Amino acid sequence: MKERGNFNSRLGFIMASAGSAVGLGNIWKFPFEVGAGGGAAFLVIYLFFALVLCFPVMTAEIAIGRKAQASPVTAFKKLGFARWSGVGYLGLAAGFLILSFYNVVAAWSFGYFFEMLQGHFEISQHFSEYTANWLKIGLYSLIFMSGTAYIVSRGISHGIERAAKALMPTLLFLIVGLIIYALTLPNAITGIKHYLLPDFSKITPTIVYSALGQAFFSLSLGMGALITFGSYVKKDANIVTAAAIITFTDVFIAFLAGLMMFPFVAYVTQGDLTAMSAISGEEAFIFETLPNVFNSLGPTLGVVIGSLFFLLLSFAALTSTISLLEVPTAFLVDEKKVSRGKATWTVAILIFLIGLPSLLGNGASAFFSEFIQFPNSTSPISFMSMVGMIGGSTFLSVGGFLISVFVAYVWGKSNFELEIQSDNEGTIGRWLKQYVQFAIRWICPLVLGIISLTTILDIYFGISLF
Ligand code: TRP
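Everything in this summary refers to the structure shown in the same document.

Conventions adopted
Residues numbered from 1 in each chain as written. Predicted model: local features only at pLDDT ≥ 70, side-chain atom pairs only at ≥ 80, totals over all residues. Heavy atoms only, no water. Near = heavy atom within 4 Å. Polar contact = N/O pair within 3.5 Å; in protein donor to acceptor, adjacent residues only side chain to side chain. Areas by Shrake-Rupley, 256 points an atom, 1.4 Å probe, with all protein chains shown as cover. Helix = DSSP H or I, 4+ residues; strand = E, 2+ residues; numbered from the N terminus. Nonpolar A, V, L, I, M, F, W, Y, C, P; charged D, E, K, R; others polar. Phe/Tyr/Trp six-rings, centres within 6.5 Å; stacked < 30°, edge-to-face > 60°. Buried < 20%, exposed > 50% of the residue type's maximum accessible area, 1.4 Å probe, protein only. Lys NZ or Arg CZ within 6 Å of the ring centre and 35° of its normal. Salt bridge = Lys/Arg side-chain N within 4 Å of Asp/Glu carboxyl O. Expected span 1.5 Å × (residues − 1). Contact = heavy atoms within 4.5 Å. Arc of directions from axis to C-beta.

Around the ligand sit 17 residues, and of these Ala 21, Gly 25, Tyr 102, Phe 217 and Ser 323 come closest. Ser 20 is positioned such that a nitrogen or oxygen atom in its backbone is 3.1 Å from a nitrogen atom of the ligand. At 3.1 Å, a side-chain N or O of Ser 220 approaches a nitrogen atom of the ligand. A total of 360 Å² of accessible area belongs to the ligand in isolation, and the protein chains cover 100% of it. Of all elements in the fold, only α1 (10-21), α2 (24-36), α5 (85-117), α10 (205-218) and α16 (299-336) reach the threshold of two or more residues within the shell around the ligand. In terms of residue class, the shell around the ligand is made up of nine nonpolar, eight polar and no charged.

Positive phi values are uncommon outside glycine, yet Asn 187 reaches one of about 70°. By secondary structure assignment, the location of Asn 187 is in the loop between α8 (156-183) and α9 (188-196). Of note, the phi angle at Ser 220 is positive, near 60°, even though the residue is not glycine.

Here the focus is the packing of aromatic side chains. Under the definition given, this model contains 40 aromatic pairs. Arranged with centres 6.1 Å apart and planes meeting at 80°, the rings of Phe 7 and Tyr 232 form a pair that is edge-to-face. A residue pair is termed long-range when its members are at least 10 positions apart, and Phe 7 in the segment before α1 and Tyr 232 in the loop between α11 (225-230) and α12 (239-268) qualify at 225 residues. Overall, the relative accessible area of 2% leaves Phe 7 in the buried class. Classification of Tyr 232 as buried rests on a relative accessible area of 2%. Seen from their ring centres, Tyr 112 and Tyr 130 are 5.0 Å apart, and the 75° between their planes marks the pair as edge-to-face. Of this pair, Tyr 112 sits in helix α5 while Tyr 130 sits in helix α6 (residues 127-132), and the two are 18 residues apart along the sequence. Tyr 130 matches Tyr 112 in its accessibility class, with the two residues each being buried. Each member of the aromatic cluster is reached from another via a ring pair, and the members are Trp 108, Tyr 112, Phe 127, Tyr 130, Phe 264, Phe 287, Phe 294, Phe 309 and Phe 310. Lying over the aromatic face of Phe 217, Lys 29 brings its terminal NZ or CZ to 5.7 Å of the ring centre.

Below, the discussion takes up the pattern of salt bridges. Scanning the entire structure with this criterion turns up nine salt bridges. Note that Asp 334 is salt-bridged to Arg 4, the shortest N-O span being 2.9 Å. Of the two residues, Asp 334 is situated in helix α16 and Arg 4 in the segment before α1; the sequence distance between them amounts to 330 residues. There is no split in this pair, since Asp 334 and Arg 4 are both buried. A salt bridge links Lys 165 to Glu 161, with the nearest nitrogen and oxygen atoms 3.6 Å apart. Remark: Glu 161 and Lys 165 occur in helix α8; sequence separation between them is four residues, near one turn of the helix.

The subject of this paragraph is helix α21 (residues 426-442). Taking 1.5 Å per residue, 17 residues should reach 24 Å; α21 reaches 25 Å between its end C-alpha atoms and fits that length. Among all positions of α21, only Gly 429, Lys 433, Val 436, Gln 437, Ala 439 and Ile 440 are buried. Buried residues along α21 sit against α3 (40-68), α12, α20 (383-420) and α22 (444-461).

All right, on to helix α17 (residues 340-354) then. Compared with an ideal rise of 1.5 Å per residue, which puts 15 residues at 21 Å, α17 spans 21 Å between its outermost C-alpha atoms and is within 8% of the ideal. Every buried residue of α17 is accounted for by Arg 340, Ala 343, Thr 344, Val 347, Ala 348, Ile 351 and Phe 352. Down the axis, α17 shows its buried residues gathered within 155° of arc, on one side only. Facing away from the buried side of α17 by over 90 degrees, the exposed positions are Lys 342 and Ile 349. If you follow the buried residues of α17, they end up packed against α5, α7 (134-153), α8, α16 and α18 (356-360).

Moving on to the environment of Ile 156. Structurally, Ile 156 can be placed in helix α8. Considering only alpha carbons, one finds Ile 156 and Phe 229, 73 residues apart in sequence, at a separation of 8.9 Å. Every residue in contact with Ile 156, bar those within four places of it in the chain, is listed here: Arg 4, Gly 5, Asn 6, Phe 7, Glu 161, Tyr 232, Glu 326 and Arg 340.

Now the structure itself:
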């Protein structure tokens, strides 16, 4: 069989996986979910889910991939449980759906980078016209998808690992720089307080689901992205501690994104609490409000800070689109024996086409913009939001549930234990390993099962149990 490729080092794997995790989810979505969910109150629930529930699932995914040395569909078969390959197909479907809309938001960000470079701050007043300009956004999204496909087509160590090693340190550098700058703005401390002081009255069951959904999405779990990446990890690498580092990095960068964003929020609202609450819960905050912040910094500084911000966002998105494209690519390579180059470009084109309704459904086409109304919402949502709900929330939590059941009760405790054992564990490593083994049997299946069920009942049937 032809060489599938490998990560050169454990660090390379960690960086690529952290790159997959850190994305629009952290920088675009996380701060406003925090804003809507009572600041630190949301943060606490989010942290709880990430560390208690998601970290074990992540270890489980990596273990499946490394043991089977294959991407999800093939992996379940190779482990001897062909019937479970359905979970792999569910993941594939999730990957197609997520990347199809994710690439559109990535295109907005990438386009804003150029707008900021040219000092077009007034774009913030025309955001809906901007997203409705399907030709322009279509072009950006074509460029973004091609860049992603180019990197993925170059393979694991030459493409994915190399890109992550260049982009991740740059990203950290940019975000720290922007935080330092944001903290010098007037009212920064008011913003930080708004971020870090909990308001527990905002916590509702919906907020709890969305914290779990956000944690799953942000950590790239539930669709086999980490099964796929895990299949390129060497046998002697300690995957428990790797998963811990990836989880920590992702949570940490989301936390940093909040530190960057809330001073900006406080700055535009001049520290007005009511205005701050309203604005920080806005999904379009980054695109509709931030450019005003940059504008007020004056022509030179505004262009520098504004374009660096959207460059940061685009880099974060790129390391994520890479992992999303890798999953179906690896499926074609492993399962259908297609060459990597051909597989990558085929999938990229297909997903770009599936993304067209999402592209059009942001103002260009009324039909796709107000596409469907779910029982639990009061107004119709766009095609893109629908795809996000199906692929980005429902499939991921169901996938995560099935993966934990599989590892705990089908593949089995001892196989899992063998795969996550390592020669150089250390005390903390041993504790983490024991925790993972406990959680994957007793906590993850139960909690993920309940939450998947309640989410499905709530979104699609309008039945809320709590
Ligand atoms: N985690 C990324 C983000 O936060 C998105 C992402 C990349 C993803 N790969 C994934 C989500 C796989 C789910 C599954 O933006």
